[in-house]
Amino acid sequence: VSPLGPIRGGKPDKAPVFLVLLRDLTEAQRVERMRVDFVANASHELRTPLASVIGFIETLQGPARNDAQAHDRFLDIMAEQARRMSRLIDDLMSLSRIELKAHVRPETVIDVAPILEHVADAMQPLAIDSGVAVTLDIKDRPLMAVGDRDELAQVFQNLVHNAIKYGQSGGRVAVTATLGPGQSGRARRIAVSVRDWGAGIAPEHLPRLTERFYRVDTASSREKGGTGLGLAIVKHILNRHRAQLNIDSKPGEGAAFTVTLDCVETVAKPANPQPGKA
Ligand code: ADP
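Since we're looking at a predicted model, the values are computed, not measured. (Residues numbered from 1 in each chain as written. Predicted model: local features only at pLDDT ≥ 70, side-chain atom pairs only at ≥ 80, totals over all residues. Heavy atoms only, no water.)

**Overview of the pattern of salt bridges**
Pairs can form between side chains of opposite charge once their charged atoms are near each other.
Point 1. Counted by the stated rule, this structure contains 15 salt bridges.
Point 2. Glu27 is the salt-bridge partner of Arg30, the closest N and O atoms lying 3.1 Å from each other. Here Arg30 pairs with Glu27, and both are found in helix H1 (residues 25-61), just 3 residues apart, close to one helical turn.
Point 3. Of the residues examined, Glu27 reaches a relative accessible area of 36% and is grouped as partly exposed.
Point 4. Two residues, Arg240 and Glu151, come together in a salt bridge whose shortest N-O distance is 3.1 Å. Of this pair, Arg240 sits in helix H7 (residues 230-240) while Glu151 is found in helix H5 (residues 149-166), placing the two residues 89 residues apart along the sequence.
Point 5. Look at Glu151 and you get buried, because its relative accessible area is 6%.
Point 6. Linked through salt bridges whose partners overlap, the residues forming this network are Lys101, Asp148, Glu151 and Arg240. (Salt bridge = Lys/Arg side-chain N within 4 Å of Asp/Glu carboxyl O. Helix = DSSP H or I, 4+ residues; strand = E, 2+ residues; numbered from the N terminus. Buried < 20%, exposed > 50% of the residue type's maximum accessible area, 1.4 Å probe, protein only.)

**Brief notes about the site of the ligand**
Point 1. The immediate surroundings of the ligand are formed by 18 residues, with Tyr166, Ser221, Thr227, Gly228 and Leu231 found nearest.
Point 2. One nitrogen or oxygen atom from the main chain of Gly228 is found 2.8 Å from an oxygen atom belonging to the ligand.
Point 3. Here Gly230 contributes a backbone N or O atom positioned 3.3 Å from an oxygen atom of the ligand.
Point 4. For the shell around the ligand, the secondary-structure elements that each account for two or more residues are H5 and H7.
Point 5. Element by element, the count of residues in the shell around the ligand is highest for H5, at 4 residues.
Point 6. Along the lines of polarity and charge, the residues of the shell around the ligand split into 9 nonpolar, 6 polar and 3 charged. (Near = heavy atom within 4 Å. Polar contact = N/O pair within 3.5 Å; in protein donor to acceptor, adjacent residues only side chain to side chain. Nonpolar A, V, L, I, M, F, W, Y, C, P; charged D, E, K, R; others polar.)

**As for unusual backbone geometry**
Point 1. Each neighbour pair has its own omega, and for Arg141 with Pro142 the value is -10 degrees, a cis peptide bond.
Point 2. Secondary-structure assignment places Pro142 in the loop between strand S4 (133-138) and strand S5 (144-146).
Point 3. Of note, Phe213 is a non-glycine position whose phi angle comes to about 70 degrees, a positive value.
Point 4. Here Phe213 lies in the loop between strand S7 (189-196) and helix H6 (218-223).
Point 5. Here Arg242, not a glycine, exhibits a phi torsion of approximately 50 degrees, which is positive.
Point 6. As for its placement among the helices and strands, Arg242 is situated in the loop between H7 and strand S8 (244-249).

**Concerning the nonpolar core**
Point 1. Grouped together as the largest cluster of nonpolar side chains are 52 residues, with contacts concentrated most on Phe156 and Ile190.
Point 2. With 8 residues, the single largest contributor to this core is H5.
Point 3. Among all residues touching Ile190, those that are not within four sequence positions of it are Val112, Leu143, Met144, Ala145, Thr178, Leu179, Val259, Thr260, Leu261, Asp262 and Cys263. (Core = buried A, V, L, I, M, F, W, Y, C linked by side-chain atoms within 4.5 Å. Contact = heavy atoms within 4.5 Å.)

**Digging into the UniProt feature "domain: Histidine kinase" (unreviewed entry) in the protein**
Point 1. UniProt annotation of "domain: Histidine kinase" (unreviewed entry) refers to residues 41-265 when read in the numbering used here.
Point 2. With 48% helix and 19% strand, the stretch residues 41-265 has end C-alpha atoms that lie 43 Å from each other. (UniProt positions renumbered as here; feature names shortened; annotations may be inferred.)

**Considerations on the sheet that holds strand S9 (residues 255-262)**
Point 1. Ordered by their spatial adjacency, 5 strands build an open sheet running S4-S6-S7-S9-S8, and the pairing between neighbours is mixed. Only two strands of the sheet have a single partner each, and these edge strands are S4 and S8. Strand-to-strand, the axes of this sheet are offset by a mean angle of 15 degrees, without reference to chain direction.
Point 2. Bridging between S7 and S9 involves 8 bridges; their strand directions are antiparallel. Of the residues in S9, the one forming a bridge with Val194 is Phe257. (Pairing = 2+ DSSP bridges. Axes fitted to C-alpha atoms, helices over the stretch in contact; angles between N-to-C directions.)

**A few points about the packing of helix H3 (residues 112-122) against H5**
Point 1. Viewed as axis vectors pointing N to C, H3 and H5 meet at an angle of 45 degrees, and their least axial separation amounts to 9 Å. Classified by the interaxial angle, the pair formed by H3 and H5 is oblique. As for how H3 packs across H5, the hand of that crossing is right-handed. Residues Val112, Ile115, Leu116 and Val119 of H3 form the contact with H5, whose own contacting residues are Arg149, Leu152, Ala153, Phe156, Gln157 and Val160.
Point 2. The residue makeup of the contact of H3 with H5, split by class, is 8 nonpolar, 1 polar and 1 charged. (Parallel < 35°, antiparallel > 145°, perpendicular 65-115°, else oblique. Left-handed = near helix turned anticlockwise from the far one by under 90°.)

**A closer look at the confidence of the model for the protein**
Point 1. Considering every residue of the protein, the mean pLDDT works out to 89; 91% of them sit at 70 or more.
Point 2. Reported for the predicted complex are a pTM of 0.85 and an ipTM of 0.99. (pLDDT = per-residue confidence, 0-100.)

Have a look at this one:
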């Protein structure tokens, strides 16, 4: 609270007027704390693979200089660690690009159905490699929404990728898209659900899954090539779209990640317009 003193120039017989400036310092401190934590976490995530690469280079320059077998093995590990750093940097860049646009709402009207088809096709090679069948069931068409095509594709891709990675043991992933009814004069809602039948997630983790670098099991996430940023990116994109993410899971029963967003009603064109009527 900062009294700025009496405003001068008022009528002399009036009591002095004070301006009071209220600023929520706790919120500012919380945001600053989050920023500092984020930089520390990102540095730590990058330092781990980098330390491993440096360690292997030193071994190859020293004790393993003439060991041809060690050369091949170490080069494979170093390549994997370098790819991990590259994935992490890509995700960090995505996150900061989306954050820059956080307060700008998308303006284009797009159909979500072809985006889902594209993502399902693009994920096939990984699904086949992982022994998982990915099915797509679009129950209503079109699914028109105001949104950014590339960003929504990234949302669905991250969710399907996770379902394949963590739901692998279930053998299948089902993507379903429906158009729900509008309630009390509100827009109808598009719901896209990505479901797997893998190990599932314990309830205590659910509220924190979209935090940056939060993982249920860090070793397993790293082993599967995760960066810990996939769901944070999903959440940021959905916030910008005023869309919601609902996570439903029980350990041992798999998980369902459902995205809901407002549908833009399109005026249906008659299939055979009557002659003479415009
Ligand atoms: P990561 O790169 O580690 O996959 P994400 O932000 O995409 O990071 O996900 C955060 C964590 O949420 C994962 O590490 C994993 O523990 C958990 N998770 C995400 N999707 C699933 C899923 N379909 N089944 C079980 N756990 C999941």
